[in-house]
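# Structural overview
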Amino acid sequence: MDKEYKRMLKKFFKNPSGVFGLVLLIFFTIVAIFAPIIAPPQPSNQYEPYMMPIVTWSPDPQPPSKEHPFGVSERRDIFYGVVWGTRTAFRIGLIVTGVSTLIGLFIGSISAYYGGWIDEILMRITDIFLSIPFLIAAIVLTTLLGTGLDKVMIAMIVFGWMGTARLIRGNILQAKEEQYVLAAKAIGVSTPGIIIRHLLPNTIFPVLIQASMRMGSLVITAAILSFLGLGAPQGYSDWGAILNYARNWMLGAHGEALKYWYTIVFPGTAMVLFVLAWNLIGDTLRDIFDPRLRI
Amino acid sequence: MRKFWVILALMAFAVFGFAVKGDPTTLVDLTISEPDTMDPHYAYDTASGEVIYNVYENLIAYKGESVTEFVPRLATKWEILDGGKTYKFYIRKGVKFHLGGDLTPEDVEYSFERGLIFDPAGGPMWMLWEALFGIDSLEGFVEETFGVPYSDMIDENGEAKPEYRDKLISVYTDYIDPAIEVEGDAVVFHLVRPFAPFMSILAQGSSWSAILDKEWAIEVGCWDGKADTWWKYHDIQKEESPLYAVANGTGPYKLVEWDRTQQKVTLEANENYWREPAKIKKVVIWGVDEWATRRALFEKGDGDICYVPAQFLSQIEGKEGIEIIKGLPTISVTALHFNWSVKPDSKYIGSGKLDGEGIPPDFFSDEHVRKAFSYAFNYDAMILQVLRGLGKRVPYALPEGLIGYNPDLPMYEFNLLKAREEFKKAFNGQLWEKGFKMTLLYNTGNSARQTAAEMLKFYIEQLNPKFKIEVRGVQWPTYLDTYRKGYLPAFIIGWLADYPDPHNFIFTYYHSNGVYGHSQGENYEKFVTTPLEELGGKTLNQVIEEAVAETDPAKRQEMYESVGRVVYNHALGMALYQPLGLRVHRSWLKGWYHNPMRPGDDYYAYSIEF
Amino acid sequence: MTAYIIRRLLLLPLVLFGITLIVFGLFQMLGPDKLLSAYINPNLAEKLSPEEMEKFKDKYGLNDPLIVRYGKWISSVFKGDLGWSLVGKEPVLDAMKKRIPFTVELALYALIPVVGVGIWLGVAAAVRHNSPIDHFIRIFAIVGWSFPDFVFGLFVLMIFYSVLGWFPPGNMSLWAEEIFKSPAFKHITGLPSIDALLNGQFRVFVDCLRHLVGPILTISWLWWAYLLRITRSSMLEVLRKDYVRTARAKGLDERTVINKHARRNAMIPVTTVAGAMVIGLLSGTVIVEAVFNRTGIGSFIATAATQLDYASVMGGVLFYSTILVLGNLIIDILYAIIDPRIRLT
């Protein structure tokens with residue numbers, strides 16, 4: 001097993017896009033961890049460091065300067081927002097992917113292992129959830145729960161587990177007939193034991209790849225909800241929200257179409273690179289693991 | 001493959017080859033909101049009002065830019081008799097409705113009676129009820145007259161219960177019908193008491209006083225004019241009104257289409273208009289919600305008029321071919337008011353105690369707290385920077401231009417030292433020691449309100465690190481719901497005049513039965529019903545009630561000023577600003593003029609000259 | 001297989017019923033006060049007194065218990081009445097009927113560049129597996145995918161309308177709309193641009209296309225990443241197959257190998273995915289429609305949701321769900337036809 005992993009790691013590091021993704025990810029992790037040092041919150045802001053400090057009362061965006069290296073948008077310091085927004089992005093990605101993957105794993109494995117009517121019921125419930133387009137479902141649920149990042153995350157979790165459930169169910173159904181599972185059953189290993197110790201480890205890899213790809217897209221969905229006025233509260237360090245501030249300014253001023261470029265470029269770049277990082281890693285892992293996998 | 005490229009080239013040519021230019025007889029008005037209804041007796045918003053203004057006509061109209069002088073419209077002249085209790089309007093002859101009907105005095109009588117009977121909840125008809133009968137709704141009037149709630153007189157099917165049938169019939173025969181009568185060529189209104197703003201309530205722009213064609217209205221299914229059926233036509237749902245999506249007025253424009261899918265209203269000039277037909281033959285009022293999109297359309301010349309939010313003004317300033325008019329007077333104010341008795345289970349007051357983790361429910365009952373808040377707001381920055389100068393300070397919630405306004409009344413200035421002093425005095429110094437935590441809400445999308453809340457937070461948190469104010473945006477339904485129910489410790493809210501009279505503002509904000517006064521808690525009600533020395537032993541409520549019945553403008557002025565002084569002395573609320581209007585259109589549009597009481601545009605006055 | 005199809009079709013009403021229960025139940029959690037706000041114009045709501053609010057609630061039956069309200073709604077649905085749309089200001093069914101063609105049209109046209117270019121990119125990347133071109137194409141596609149569509153949409157608007165003046169926002173120009181709405185214009189397919197062609201109104205057709213370019217461009221870049229990924233991996237798989245190797249060994253030139261042998265086989269999974277994509281495109285127009293001021297079903301349901309207009313939301317969700325369920329069924333069947341190894345049970 002060890003050897004296998006080593007071989008895969010080697011393959012991974014031979015793949016330039018994979019390495020590039022990993023470097024990006026490490027960079028974002030560092031920014032997220034050291035956010036309080038890179039962009040220290042003002043004393044009055046200590047108790048809610050995720051709120052971007054207000055630096056002016058004028059609604060006009062202000063170009064990058066010494067005090068505000070990324071400029072000012074919607075009266076707030078973009079640099080601060082981009083740095084702390086890294087934490088927000090990780091939080092959205094990790095929590096939503098983590099929880100919805102766990103739910104998916106749970107439902108998928110139960111469904112596949114037991115089969116019969118349990119499978120039937122669980123899969124019909126999955127069908128119902130799958131029958132509402134994800135974005136629309138997220139919009140409806142977020143509106144009903146009220147605005148706020150936590151609400152956005154709940155909505156994305158509630159409507160985000162079905163893919164994993166189906167994937168894991170299919171994989172387990174295949175693996176169930178394999179010799180080692182039958183053998184484990186024969187020597188009397190308990191059901192949860194079989195699922196956790198034998199079935200999951202052999203089917204989890206595709207799930208993880210799928211999860212890594214979703215990490216990025218969730219940040220985008222959150223940004224879209226921001227656009228509809230359903231995302232993070234105003235002033236919260238969130239890339240989507242900062243991008244949303246720019247929507248009214250991006251056509252520029254008269255005669256200067258690109259006058260307010262910084263309102264888009266900095267948060268936009270952060271977002272693109274973040275999504276890119278996860279995708280490149282996911283892509284590369286998939287290529288290594290099994291190039292035929294279509295996720 | 002080559003075929004593909006040929007087709008592609010052909011397509012590209014086709015796409016770029018055709019472009020059609022606009023013409024000087026068509027006008028496109030790019031705006032944001034969409035009408036609510038075309039029924040004049042239900043419409044209460046400016047978007048609906050704008051269409052009704054151009055399609056229907058009233059008896060009288062404001063003279064040009066004035067809000068106090070009137071000119072004849074469907075009435076040729078009028079007389080005010082009985083010391084202001086009787087109004088007589090002589091009806092113009094030879095006027096035709098769009099669908100061909102002739103205007104008669106009976107049409108006028110019917111129009112007002114239909115409105116009074118309809119009186120939809122949340123609609124504008126309360127104004128005519130208040131003016132004619134002194135009570136602001138039909139149902140209130142019925143209950144007051146017979147002592148039985150209206151809802152008890154009607155069964156589930158909307159039919160009058162037999163025992164009350166005669167009484168309900170008499171509501172029409174004995175009260176509504178005699179109040180508005182036809183006398184030869186004239187229509188006479190009988191008011192129960194003199195009511196100063198009556199003319200304003202009738203003037204063009206007040207859609208609730210628009211004149212319908214009686215025969216047509218009955219034909220399409222409005223009230224049939226009979227005394228024993230009216231309750232079936234009372235308070236019907238908006239979409240059930242036969243006039244919901246159709247219009248037949250005497251105005252310079254005909255309603256061609258209300259395309260609710262595209263938020264577009266199309267008007268066409270009425271060639272049989274009793275004055276000269278309009279110069280602009282076709283008007284399209286188009287709701288484009290996204291600012292960037294609206295702006296792009298306007299800059300390309302695909303729109304002649306454009307709604308521009310003040311904060312984006314800098315984006316289009318300097319572009320040639322665009323006319324920008326700034327600082328137009330409006331009759332409205334925006335103010336922050338305190339809730340003196342917050343509901344104890346509110347989630348916006350933290351712990352609900354004076355322990356640094358919340359505020360007690362009666363936080364704002366302490367005068368020092370209110371004063372401290374009043375001192376901690378940067379009024380100038382708000383007006384100059386946030387509103388880009390499109391605002392004006394007012395001493396209390398009464399806009400300039402109305403009786404009672406006096407720029408010399410005392411005002412709170414932005415002074416953090418004084419704010420600190422007041423905070424130190426509050427709750428016997430305990431507040432300063434322990435600190436507090438509370439939440440201010442604003443409705444998302446309203447950036448002026450948001451900034452105002454953030455500004456208070458910004459300055460108050462600077463005073464003492466133990467002071468914490470959380471500013472949060474919510475959807476407007478939530479905003480309305482929470483402040484109405486008394487969960488919000490303080491709320492920022494604006495008021496746009498229904499008619500240009502101080503009563504419309506003072507009552508709303510400061511009387512404990514006013515829409516906003518009501519939401520300021522029991523302690524506030526106690527305060528305004530307690531006699532005050534400064535008012536000569538009268539209560540604030542009393543003075544407000546007496547002021548509207550007073551006919552002498554000088555005395556009214558004095559009475560409202562005394563209200564203003566009480567507002568200052570006890571810091572009853574923070575009048576943040578009176579917004580000033582902004583108008584942006586292409587410079588080829590000629591003939592525009594401003595009237596603050598007019599909903600939207602008067603297309604009849606315009607022409608396009610390239 | 002017939003049994004399978006029937007079973008799936010029988011499940012459809014059950015699924016829809018489940019959905020209505022979920023959505024309705026969620027909305028009712030809000031309580032009458034918040035639901036009420038949907039019935040009032042926000043501009044005048046601030047002027048309402050608490051008593052008037054109570055009257056409103058009674059008028060619209062908001063104080064009734066949940067079951068009564070659901071019963072009323074579902075029984076009117078069976079009569080073919082989906083209720084009153086507060087956002088559309090007309091019955092939900094009418095509001096949807098007027099909007100669906102614009103969304104369908106957009107999705108269908110978008111399919112052309114999405115599929116065409118997406119496959120082309122995927123093949124190009126797979127053929128040059130792990131070369132700089134492969135990496136570049138993938139990154140290019142992912143960048144499109146990593147941008148929230150409202151940002152990219154506004155960019156397109158800026159460049160192609162504000163600067164170049166080519167592709168205006170909206171459904172169609174005013175003059176075209178006049179022709180489109182005139183009684184002489186026959187609405188045959190319901191899709192405006194196709195109807196324009198069928199009516200011989202070539203200029204209207206072109207005008208419709210002009211208004212479609214911006215949204216299509218925005219959507220395309222968004223979806224290329226998705227299609228590229230599938231084509232690429234499918235192509236990679238095929239390229240390793242024996243018959244491709246044989247073809248190469250026979251000395252056929254690379255272009256023929258790829259065009260004639262590899263690509264065709266790699267398309268099988270792509271075809272099935274295209275079906276899923278039509279559905280995805282239909283629901284993916286929410287933001288694009290808002291940016292380009294197009295009146296489609298996507299922006300309709302989003303606005304309805306944010307304004308708590310549950311009748312419209314239910315209508316929209318039912319529409320989407322039906323399409324999704326039927327679409328998935330069709331895809332499954334197609335898959336079974338194309339790939340005999342799949343058994344439908």
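Predicted model only: the values in this text are computed from it and were never measured.

On to empty space enclosed by the protein. Left-over empty space is what a probe sized like a water molecule reveals as it rolls over the atoms. Evaluation of the coordinates by the stated rule reveals 11 cavities of 30 Å³ or more. In this model, the largest cavity occupies a volume close to 100 Å³. Lining the largest cavity are 14 residues; nearest its centre among them are Arg393, Pro395, Tyr412, Gly573 and Ala575 of chain B. Mapped onto the lining of the largest cavity, the elements with two or more residues apiece are helix H21 (553–569) and strand E18 (573–579) of chain B. Take the lining of the largest cavity: its biggest share by element is three residues, from E18 of chain B. Here the lining of the largest cavity is built from residues that sort into 11 nonpolar, two polar and one charged. In this structure, the second largest cavity occupies an estimated 60 Å³ of space. As for the second largest cavity, its lining consists of Ile132, Ile136, Ala137, Val140, Leu141 and Phe159 of chain A together with Ile22, Val23, Leu26 and Val317 of chain C. Breaking the lining of the second largest cavity down by element, the ones donating at least two residues are helix H6 (134–145) of chain A together with helix H1 (2–28) of chain C. The biggest single contributor to the lining of the second largest cavity is H6 of chain A, with four residues. Along the lines of polarity and charge, the residues of the lining of the second largest cavity split into 10 nonpolar, no polar and no charged.

All right, on to the confidence of the model for chain B then. Residues shown with low pLDDT carry predicted positions that ought not to be read at fine detail. Within chain B, residue pLDDT values average 90, and 96% of them lie at 70 or more. Residue range residues 14–21 of chain B is modelled with pLDDT below 50. Its contacts to residues more than four positions away, or to other chains, number 13 contacts.

Attention shifts here to the interface of chain B and chain C. Across the boundary between the two partners, chain B contributes 63 residues, which contact 53 residues of chain C. In this assembly, chain B packs against chain C so that about 5,100 Å² is buried in total across both faces, 57% of it on carbon and sulfur atoms. Linking chain B with chain C are six salt bridges, by the criterion used here. With its nearest N and O atoms 3.5 Å apart, the salt bridge here joins Asp36 of chain B to Lys89 of chain C. In this structure, the connection of chain B to chain C is made through 11 residue pairs in polar contact (both at pLDDT 80 or more). Within the residue set of the side of chain B that touches chain C, elements represented by two or more residues are helix H1 (2–17), strand E8 (253–259), strand E10 (282–287), helix H10 (291–299), helix H17 (476–484) and strand E17 (490–496) of chain B. If you tally residues by element for the side of chain B that touches chain C, the top one is H17 of chain B, at seven residues. Grouping the constituent residues of the side of chain B that touches chain C by class yields 31 nonpolar, 11 polar and 21 charged.

With that out of the way, let us pick up the sheet that holds E17 of chain B. Residues and elements named next belong to chain B. Spatially, E14-E18-E13-E17 is the arrangement adopted by the four strands of the open sheet, whose pairing is antiparallel. The strands lining the two open edges of the sheet, one partner per strand, are strand E14 (391–392) and E17. Here E14 runs beside E18; their pairing, made up of two bridges, is antiparallel. In the sheet register, Gly391 faces E18, and the bridge partner there is Pro579. Lying over the sheet, helix H13 (residues 379–386) contacts E14 and E18, oriented at roughly 25 degrees with respect to E18. Strands strand E13 (332–338), E17 and E18 of the sheet are contacted by helix H16 (residues 447–463), whose axis makes an angle of about 145 degrees with E17.

This brings us to the packing of aromatic side chains. Residue and element names in this part refer to chain B. The tally for this structure, following the rule as stated, stands at 87 aromatic pairs over all chains. Their ring planes at 70 degrees and their centres at 5.6 Å tell us that Phe189 and Phe198 sit as a pair that is edge-to-face. One exposure class covers both Phe189 and Phe198, and it is buried. Clustering of aromatic rings is evident, with ring pairs tying together Phe338, Phe363, Phe364, Phe373, Phe423, Phe427, Trp432, Phe436 and Phe467.

As a further point, take the sheet that holds strand E4 (residues 75–81) of chain B. All names here are of chain B. Strands sit in the order E4-E5-E7-E6 across an open sheet of four strands; the sheet is antiparallel. Both edges of this open sheet fall to E4 and strand E6 (180–183), since each of them pairs with a single strand only. Across the sheet, the axes of successive neighbouring strands diverge by a mean angle of 20 degrees, strand direction being ignored. With six bridges joining them, E4 and strand E5 (residues 86–91) adopt antiparallel strand pairing. For Leu81, the partnering residue across the bridge sits in E5 and is Thr86. Across the sheet, helix H3 (residues 105–118) touches E5, E6 and strand E7 (186–190), and the angle it forms with E6 is around 175 degrees.

As a further point, take the interface of chain B and chain A. Contact with chain B, which involves 32 residues of that partner, is made by 23 residues of chain A. In this assembly, chain B packs against chain A so that about 2,400 Å² is buried in total across both faces, 51% of it on carbon and sulfur atoms. Among the residues chain B hides against chain A, the three largest losses belong to Glu290, Gln315 and Glu454 of chain B. Together they make up 19% of the total. On the surface where chain B and chain A come into contact, there are five salt bridges.

Pairing between side chains of opposite charge can happen when their charged atoms approach one another. All chains considered together, the criterion is met by 46 salt bridges over all chains. Between Arg388 of chain B and Asp60 of chain A there is a salt bridge; the shortest N-O distance is 2.2 Å. Here Arg388 of chain B is found in the loop between H13 and E14, whereas its partner Asp60 of chain A is found in the loop between helix H3 (35–38) and strand E1 (72–73) on a different chain. Close ionic contact of Glu413 of chain B with Lys418 of chain B constitutes a salt bridge, the shortest N to O distance being 3.7 Å. Sharing partners across several salt bridges, the network here consists of Glu120, Arg124, Asp127 and Arg166 of chain A together with Arg7 of chain C.

What counts, and where the lines are drawn
Residues numbered from 1 in each chain as written. Chains lettered and ligands numbered in written order. Predicted model: local features only at pLDDT ≥ 70, side-chain atom pairs only at ≥ 80, totals over all residues. Heavy atoms only, no water. 1 Å grid on protein atoms, 1.4 Å probe; cavity = no way out; pocket = protein on both sides within 12 Å on 5 of 7 lines; lining within 4 Å. Points joined across faces, edges and corners; volume = space filled by probe spheres on them. Helix = DSSP H or I, 4+ residues; strand = E, 2+ residues; numbered from the N terminus. Nonpolar A, V, L, I, M, F, W, Y, C, P; charged D, E, K, R; others polar. pLDDT = per-residue confidence, 0-100. Contact = heavy atoms within 4.5 Å. Buried area = accessible area lost by both parts, 1.4 Å probe. Salt bridge = Lys/Arg side-chain N within 4 Å of Asp/Glu carboxyl O. Polar contact = N/O pair within 3.5 Å; in protein donor to acceptor, adjacent residues only side chain to side chain. Pairing = 2+ DSSP bridges. Axes fitted to C-alpha atoms, helices over the stretch in contact; angles between N-to-C directions. Phe/Tyr/Trp six-rings, centres within 6.5 Å; stacked < 30°, edge-to-face > 60°. Buried < 20%, exposed > 50% of the residue type's maximum accessible area, 1.4 Å probe, protein only.

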